[in-house]
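A look at the structure
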Amino acid sequence: MPHSPATRAGRFLRDALRPGGGPGYRYAPGLRAAVSMGMPLTAGAATGHLPLGLTATMGAFTAVYGAKEPYARRAVLLAGVGAGFVLSVAAGSLAGGRIWLAPVVIGLVGAVATYVCDALRIGPPGGYLFALACAMSTPLPFDGAATGQRVTLTATGAACAWLVSMSGYLVDRRRPETTAVADAYEQLAAYLDAIGGPRQDAAQHQAAIALRTAWYAVAAPPQPRGRAGGRARLRPAVRQAHHVFAAAVRAAAASREPLPDDLAGALRSTAGCLRERRTPPPLPAPGPGGEPAARRAVRGEVEQAVHDAVSGAPPDDAGELLEPSSATRLLASARKRHSLVLPAALRVGSGAVIAGWLAHLSGFAQPYWASGAAIVVLQGANVTTVIRRGLQRGAGTAAGVLLGGTVLALHPGAAALVAAVMLAQFAAEAVLAHNYALGVAFITPLSLFLTEAAQPALPVDQLVTARLLDTACGCVVGVAAGLSLWRRTSTVRLPSTLAHVIHAEGTAWHLILTTDDPGSGAAATARHRLRTELINLRTVADSAAGDRPTPRELARLWPAIAATQQLGYLAVSTTRPPRPRPAPGDASRVRRAFDTLADSAATGARPPPLDLPRRVLPARLDAVLHALYSALSAPHTGECGRRPLRRGRR
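Residues numbered from 1 in each chain as written. Predicted model: local features only at pLDDT ≥ 70, side-chain atom pairs only at ≥ 80, totals over all residues. Heavy atoms only, no water.

**So, the overall build of the protein**
Quick note on the threshold: Comment: elements are numbered from the N terminus, with helices defined as DSSP H or I runs of at least four residues and strands as E runs of at least two. Only protein chains enter the calculation, and the probe is 1.4 Å; a residue is then buried if its accessible area is under 20% of its type maximum, exposed if over 50%, and partly exposed in between. Throughout, a contact is declared for two residues whenever any of their heavy atoms are within 4.5 Å.
From N to C terminus, the protein includes 25 helices and zero strands. For the protein, buried positions account for 52% of its 650 residues. Counting contacts in the protein only where the partners sit at least 6 residues apart, residues at least 24 apart contribute 81% of the total.

**Let's talk about the packing of aromatic side chains**
This is how it is decided: Centres within 6.5 Å are what make two rings of Phe, Tyr or Trp a pair, Trp counting through its six-membered ring; a difference in plane orientation under 30 degrees is then read as stacked, over 60 as edge-to-face, and the rest as tilted.
Enumeration according to the criterion identifies eight aromatic pairs in this entry. Between phenylalanine 85 and phenylalanine 130 the ring centres are 4.3 Å apart and the planes differ by 15°, which places this aromatic pair in the stacked class. Placement of phenylalanine 85 in helix H4 (residues 71–94) and of phenylalanine 130 in helix H6 (residues 128–136) is noted, with a sequence separation of 45 residues between them. Neither residue differs from the other here; phenylalanine 85 and phenylalanine 130 are each classed as buried. Between the aromatic rings of tryptophan 100 and tryptophan 357, the centroid separation amounts to 6.0 Å while the plane-to-plane angle is 65°, which identifies the pairing as edge-to-face. Taken as a pair, tryptophan 100 in the loop between H4 and helix H5 (101–119) and tryptophan 357 in helix H14 (residues 341–361) lie far apart in primary sequence, 257 residues in all. Tryptophan 100 sits in the partly exposed class, given a relative accessible area of 47%. For tryptophan 357, a relative accessible area of 32% puts it in the partly exposed group. What links up through ring pairs into an aromatic cluster is the set Phe61, Tyr65, Phe85 and Phe130.

**A closer look at the side chain of serine 633**
The topology assignment puts serine 633 in the loop between helix H24 (619–632) and helix H25 (639–642). Assessed through its relative accessible area of 12%, serine 633 is described here as buried.

**Comments concerning helix H15 (residues 367–377)**
Across the 11 residues that make up H15, a large majority, 10, are buried. Among the residues making up H15, those that are buried are Tyr368, Trp369, Ala370, Ser371, Gly372, Ala373, Ala374, Ile375, Val376 and Val377.

**Structural notes on the pattern of salt bridges**
For clarity, the cut-off: The term salt bridge refers to a pairing of a side-chain nitrogen on Lys or Arg with a carboxyl oxygen on Asp or Glu at a separation within 4 Å.
Summed over the entire model, instances satisfying the criterion amount to seven salt bridges. A salt bridge links aspartate 542 to arginine 538; the nearest nitrogen and oxygen atoms lie 3.1 Å apart. Of the two residues, aspartate 542 and arginine 538 are both situated in helix H21 (residues 521–544); the distance of four residues between them amounts to about one turn of the helix. Its relative accessible area of 37% is what places aspartate 542 among the partly exposed residues. Aspartate 595 is the salt-bridge partner of arginine 591, the closest N and O atoms lying 3.8 Å from each other.

**Topic: the nonpolar core**
Applicable threshold: The definition of a nonpolar core used throughout is a set of buried Ala, Val, Leu, Ile, Met, Phe, Trp, Tyr and Cys residues joined through side-chain atoms within 4.5 Å.
With 90 residues, the main nonpolar core has Val181, Tyr185, Tyr191, Leu192, Phe245, Val302 and Leu494 as its most contacted residues. Of the residues forming this core, the biggest block, 11 residues, is contributed by helix H10 (residues 230–254). Leu78, Tyr128, Leu132 and Val386 belong to the second largest nonpolar core, which has 52 residues in total.

**A word on unusual backbone geometry**
A positive phi angle is found at arginine 121, which is not glycine, with a value near 55°. Looking at the secondary structure, you find arginine 121 in the loop between H5 and H6.

**Regarding the state of the cysteines**
So the rule is basically this: The rule for a disulfide is simple: a pair of cysteine sulfur atoms within 2.5 Å.
Summed over the entire model, instances satisfying the criterion amount to zero disulfides. Residue cysteine 473 stays outside any disulfide, its sulfur separated by 9.3 Å from that of cysteine 475, the closest cysteine. The exposure class assigned to cysteine 473 is buried, which follows from its relative accessible area of 10%.

**Re the confidence of the model for the protein**
Low pLDDT means the predicted coordinates in that region are not meant to be read closely. Note the following rule: What pLDDT reports is the predictor's confidence in each residue, on a scale of 0 through 100.
When the pLDDT values of the protein are averaged, the result is 78; 82% of them are 70 or greater. Across the protein, the secondary-structure element scoring lowest on mean pLDDT is H25, at 40, and the one scoring highest is H4, at 92. In this model, residues 1–10 is a region of pLDDT below 50 whose contacts with residues beyond four sequence positions or in other chains number two contacts. Predicted confidence is poor over residues 637–650, with pLDDT under 50, and the contacts of this stretch with residues over four places away or in other chains come to 34 contacts.

Following this line, the structure appears as structure tokens:
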């Protein structure tokens, strides 16, 4: 019996507010953020200039970024983030006192920061804090001397945060890389456990993301012989983890039977040994009955991975694993039609402008809070996450206002206020990734404390009321913008994204079928790029599943998406030329078949019959290609089936 609307609404509300779903508590990043925030505030309180310390904290927000990046990359990233905060404060100061211009500048900063953070995969909190720093600089009229002072103080706060964030280098300079590799082994173990079950495809996707993250963490130009550092010594472990992944993909394609539990257990044990720098126990031998060839291949790769992860052997050639994409390429890729980055940035900027103007027209005391709330809500990738963020933001703000108002009602001194700010920053950063609503409950008192430090004469009841009203306004505008602006971004881009991946698969398979060594050269480059395209396809499909109403087009295309994922990961896992080798003309026919299927995915038209060579292709490739053909030949009942879509840029 279908659930009633009231029951569905209650279930959605419980799902939105319950804990879980995040990576857990982040105590070390929380401590770094608290110390970074406390340093300028403590200096300001000690010198009797607490408002100046408050201004410097806008640069101290630098500490919440790059927590998982290796120190060499973190140093560059945080320098750029600090410069971004300086520019944001300067932009807000230039717009200060201009009632109608300030929301536009806040929205522009939020849009640009969101675009850059999403394109470069910087991660949460994304562009929000840059927009907040800009917004907090807008209340006062423009003054050249004051603007210069704010910019200098912001740069000082960013420099303090940079030093605090890099301090771990003195203790364990390779900790981020080791953690990334250990996380990859744990996700790989989860994938091996999921083979043959309902979560196999989702676990495969998460393992692919973790492997990409681990390789990006350890990727670096080879060091001179005899001077291999800790990062370089982890490269064989990551490369071997890719081999385990490839063997697992081949085993899953050969049989839907689960793999032995000891294989995943060995990978988890290795992950723990990497973190603790100890040697794992040997992998148990298979039973007396033996194992099928595909399972023996996985076992052999796991044994080699366990050895490479802890042996400390000098690194050898990186093989097929290539260097990460440059920032320029990532920013350019975010402009393509199949990317979700640009629509998200435009939605954030528009929502911030509308919320700021509406809050000002309503006579609210702190309208920039409305713009900030709208930006936070619009960080969601689809309608479902936008609504969930709105509910979480509202609930967390209500709880946080009660907590912060209670503390401020006690009229704490400067030292107590600094301690409260540091405690709130630590708690917010520690729990935010685990549960957003709970994190907001600590972020809200933080903003109240900072406002109190800047304007100590403002009555607490007015401060609390203004915070509630502006947040409510921003949440409402954010949800409304999510429901009306580019609301079907993921669904509309799904066909062109699917076509883009099928084209990439055609390129990869053509090179595999015609190259003597698919594990290197152009074939390896094509397979490396295909990994990223497969991750992007699954991300767009998962985002489209959150569009409301639920898109019929996703249901129609899902079998084609599943077949495309199988074809792609089969290509990624193929490092040896097939036997017998197909003739060049047969390989070209395979490439044309992929192009035909890609055109069908992009336009919604039924594909013509496939012209594939007989008895020369790997059996699994032939079967999955026909499965993709059948999926794209299904009746078209969705919106995209009624009118052709322009093909996205390749």
